[in-house]
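Here's the letter readout for the chains.
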Amino acid sequence: MSTQQATFVRASMIEASPAPSLERGAASWLRRNLFATPKDSVLTIISLLILAWLVPPAIQWLFIDAAWSGGGRGVCATLSQGGSQPERWSGACWAFVNAKFAQFLFGRYPLDERWRPALVGILFVLLLVPMLIPRIPYKGLNALLLLGALPVLAAILLPGGWFGLTYVETPLWGGLMVTLVLSFVGIAVSLPLGILLALGRRSNMPVIKMLCTAFIEVIRGVPLITVLFMASVMLPLFLPQGVTFDKFLRALIGVSLFASAYMAEVVRGGLQAIPKGQYEGADSLGLSYWQKMGFIVLPQALKLVIPGIVNTFIGLFKDTSLVSIIGMFDLLGIVRLNFSDTNWASAVTPLTGLIFAGFVFWLFCFGMSRYSGFMERLLDRSQR
């Protein structure tokens with residue numbers, strides 16, 4: 001029997017061929033995401049027509065025909081309205097925002113003392129940015145400075161009255177400064193307090209469980225306006241004669257307690273999602289209650305409810321506008337307050353101011369949303 005050498009066996013692997021042209025590039029992305037089915041194609045075409053109808057006029061009003069500089073309402077009013085713009089002119093009055101920008105940031109805070117909130121804001125950004133980056137070292141020191149040292153420094157600098165600093169009453173505070181202070185304190189307080197309330201509601205001790213449940217249900221059963229009204233108007237009526245609290249401090253406490261009740265329910269949902277075997281495994285290791293919660297249960301529960309936690313933070317950030325009910329002016333409140341300035345009274349000034357305030361709120365809320373998505377992907381070990 002004769003043997004023949006097999007000539008079809010290759011000594012090296014065939015190099016990978018490039019993907020077909022229809023499966024890569026912009027055309028492939030459009031086909032997969034926008035024109036995958038006839039229904040998707042129709043919806044895409046309708047959406048493009050709507051955008052073509054809305055976007056060009058919006059760009060025209062916001063940027064091209066807008067008044068960018070000037071010293072009064074004349075730059076944002078037509079000739080018949082006593083201004084310098086031609087008849088039938090309509091555009092954004094960014095000159096108003098430019099002239100009032102410092103007031104939108106600091107409210108009626110004295111001009112000579114605005115370096116104090118500016119310094120607190122700069123330190124806040126310098127400490128927050130490395131805190132948000134996962135792999136930067138010295139996280140413990142960073143958290144101590146951000147959550148411990150910075151609030152103490154802010155409590156000294158912002159109101160003053162210490163170390164020769166001029167005292168600035170909180171009714172003079174306003175703008176973005178009030179929004180950030182309220183939201184930062186509310187977030188910093190509501191998360192740990194919400195965790196404790198959630199643990200208390202799931203506790204086996206009847207008194208602790210009853211108190212936590214009563215607090216959560218009472219606070220969640222009333223709107224934030226009612227809480228702020230009670231803290232500002234009704235609380236002083238129950239205090240002894242001569243005892244009072246600053247109005248801004250009452251707002252801080254009311255907002256923090258309100259957010260804590262909602263945070264407690266979010267965290268409780270995460271605790272209920274943890275399988276019973278995790279609790280039993282921790283008990284079999286001889287861990288104490290706080291060791292079991294701190295090392296085993298809470299890390300898993302908080303990871304599961306990151307969207308709910310961030311949603312509560314975003315809602316808290318937007319709800320700071322309700323402090324106008326007690327005479328405080330956040331960003332939206334100070335913008336609306338400036339609508340009454342006769343030097344800038346025009347038909348387009350209110351809409352421009354509201355668009356500016358809405359954009360600032362969207363910028364912060366969108367940033368929190370994107371960061372929460374980043375953290376979800378970072379902690380999602382099932383995809384690794």
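This text follows the structure it describes.
This report concerns the structure included in the present document. For every chain, the first residue of the written sequence is number 1, and numbering continues from 1 onward in sequence order. Whole-chain, interface and lining totals are the exception, using all residues; otherwise, since this is a predicted model, local features are given only for residues with pLDDT of at least 70 and side-chain atom pairs are given and counted only at 80 or more. Where side-chain values are given, they derive from all heavy atoms of the structure, hydrogens and water being excluded.

Put simply, DSSP H or I for four residues or longer makes a helix, DSSP E for two residues or longer makes a strand, and each gets a number counted from the N terminus. Looking only at helices and strands, the protein features 14 helices and 2 strands. What you see for the protein is a C-alpha radius of gyration of 29 Å, clearly larger than the 21 Å of a compact globule of 384 residues, by over 25%. The C-alpha extent of the protein, read off along each of the three principal axes, is 115 × 70 × 40 Å. Restricting to contacts in the protein with at least 6 residues of sequence separation, those with at least 24 account for 68%. Calculation of accessible area relied on Shrake-Rupley with a 1.4 Å probe; when residues are assessed, cover is drawn exclusively from the protein chains displayed. With the model as given, the accessible surface of the protein reaches about 23,300 Å², and the carbon-plus-sulfur share is 68%. Neither His nor the chain ends is counted toward charge; the positive residues are Lys and Arg and the negative residues Asp and Glu. Note on charges: their place is set at NZ of Lys, CZ of Arg, CG of Asp or CD of Glu. Side chains of the protein give 29 positive and 18 negative charges; the mean places of these two sets differ by 5 Å. When we talk radius of gyration, it's over C-alpha atoms, and the globule rule is simply 2.2 Å times the number of residues to the 0.38. Contact definition: two residues touch when any of their heavy atoms are within 4.5 Å.

Every axis corresponds to a line fitted to the C-alpha atoms, with the helix fit spanning only the stretch in contact, and the corresponding angles, defined between N-to-C directions, vary from 0 to 180 degrees. Relative orientation of the contacting elements helix α6 (residues 176-201) and helix α7 (residues 206-220) amounts to 125 degrees, with a least axis distance of 7 Å. Put simply, α6 runs oblique to α7. Helix-helix and strand crossings are classified by hand; for α6 and α7 the assignment is left-handed. Contact with α6, carried on its side by Leu-197, Gly-200 and Arg-201, involves Ile-208, Lys-209, Cys-212, Thr-213, Phe-215, Ile-216 and Glu-217 of α7 and no other residues of that element. Amino acid classes used here: Ala, Val, Leu, Ile, Met, Phe, Trp, Tyr, Cys and Pro are nonpolar; Asp, Glu, Lys and Arg are charged; the rest, including Gly, are polar. Broken down by class, the residue content of the contact of α6 with α7 amounts to 5 nonpolar, 2 polar and 3 charged. Note on angle classes: values under 35 degrees are labelled roughly parallel, values over 145 roughly antiparallel, values of 65 to 115 roughly perpendicular, and the remainder oblique. Crossing handedness is defined as follows: a turn of the near helix away from the far one that is anticlockwise and smaller than a right angle gives a left-handed crossing, while the clockwise case is right-handed.

Another aspect to go through is the packing of aromatic side chains. Only the six-membered ring of Trp is used, alongside the rings of Phe and Tyr, when aromatic pairs are assigned; centres must lie within 6.5 Å, and planes under 30 degrees apart are stacked while those over 60 apart are edge-to-face, with the rest tilted. This structure, assessed with the given rule, holds 16 aromatic pairs. With a centroid separation of 6.3 Å and an interplanar angle of 40 degrees, the aromatic rings of Phe-96 and Phe-339 are classed as tilted. Of this pair, Phe-96 sits in helix α3 (residues 94-106) while Phe-339 sits in the loop between α13 (331-337) and α14 (349-379), and the two are 243 residues apart along the sequence. Three exposure classes are used, based on accessible area relative to the maximum for each residue type with a 1.4 Å probe and protein chains only: buried under 20%, partly exposed in between, and exposed over 50%. Here Phe-96 falls in the buried class, since its relative accessible area comes to 0%. Using a relative accessible area of 22% as the deciding quantity, one classes Phe-339 as partly exposed.

Once that is clear, we can look at the pattern of salt bridges. Between side chains of opposite charge, pairing is possible as soon as their charged atoms come close. Salt bridges are defined by distance alone: a side-chain nitrogen of Lys or Arg within 4 Å of a carboxyl oxygen of Asp or Glu. By the definition in use, this model includes 7 salt bridges. Across the salt bridge formed by Arg-201 and Glu-265, the nearest N and O atoms sit 2.9 Å from each other. Note that Arg-201 is positioned in helix α6 and Glu-265 in helix α9 (residues 247-273), a separation of 64 residues in sequence. Each member of the pair, Arg-201 together with Glu-265, is buried. Between Arg-220 and Glu-217 there is a salt bridge, with its nearest N and O atoms 3.9 Å apart.

Okay, the nonpolar core next. Of all hydrophobic cores here, the largest spans 29 residues; its most connected members are Cys-76, Phe-104, Leu-331, Trp-344 and Phe-356. Mapped onto this core, the elements with two or more residues apiece are α3, α12 (306-319), α13 and α14. Among all residues touching Leu-331, those that are not within four sequence positions of it are Phe-104, Gly-175, Leu-176, Thr-179, Phe-356, Ala-357, Val-360 and Phe-361. In this text, buried Ala, Val, Leu, Ile, Met, Phe, Trp, Tyr and Cys residues form a nonpolar core when linked through side-chain atoms within 4.5 Å. Leu-157, Phe-248, Leu-316 and Met-328 belong to the second largest nonpolar core, which has 28 residues in total.

Turning to its location among the elements, Ala-36 is positioned in the loop between α1 (25-33) and α2 (38-64). Of the residues examined, Ala-36 reaches a relative accessible area of 47% and is grouped as partly exposed. Taking the C-alpha atoms as reference points, Ala-36 and Gly-164, 128 residues apart in sequence, are found 69 Å from one another.

A pair of sulfur atoms, both from cysteines and within 2.5 Å, is called a disulfide here. Within the structure shown, the criterion is met by 1 disulfide. The residue that forms a disulfide with Cys-76 is Cys-93, at a sulfur-sulfur distance of 1.8 Å. Torsion about the S-S bond of the Cys-76 and Cys-93 cystine: about 75 degrees, corresponding to right-handed handedness. Residue Cys-76 is found in the loop between α2 and α3, and its partner Cys-93 is found in the loop between α2 and α3; the two are separated by 17 residues along the sequence. Judged by its relative accessible area of 2%, Cys-76 falls in the buried class. The class for Cys-93 is buried, based on a relative accessible area of 0%.

Here we take up the packing of α3 against α14. Interhelical geometry of α3 versus α14 gives an angle of 55 degrees and a closest axis separation of 10 Å. In terms of their interaxial angle, α3 and α14 are classed as oblique. Note on packing geometry: the crossing formed by α3 with α14 is right-handed. On α14, the residues that touch Trp-94, Phe-96, Val-97, Phe-101 and Phe-104 of α3 are Thr-349, Thr-352, Gly-353, Ile-355 and Phe-356. Its residues placed into classes, the contact of α3 with α14 shows 7 nonpolar, 3 polar and no charged.

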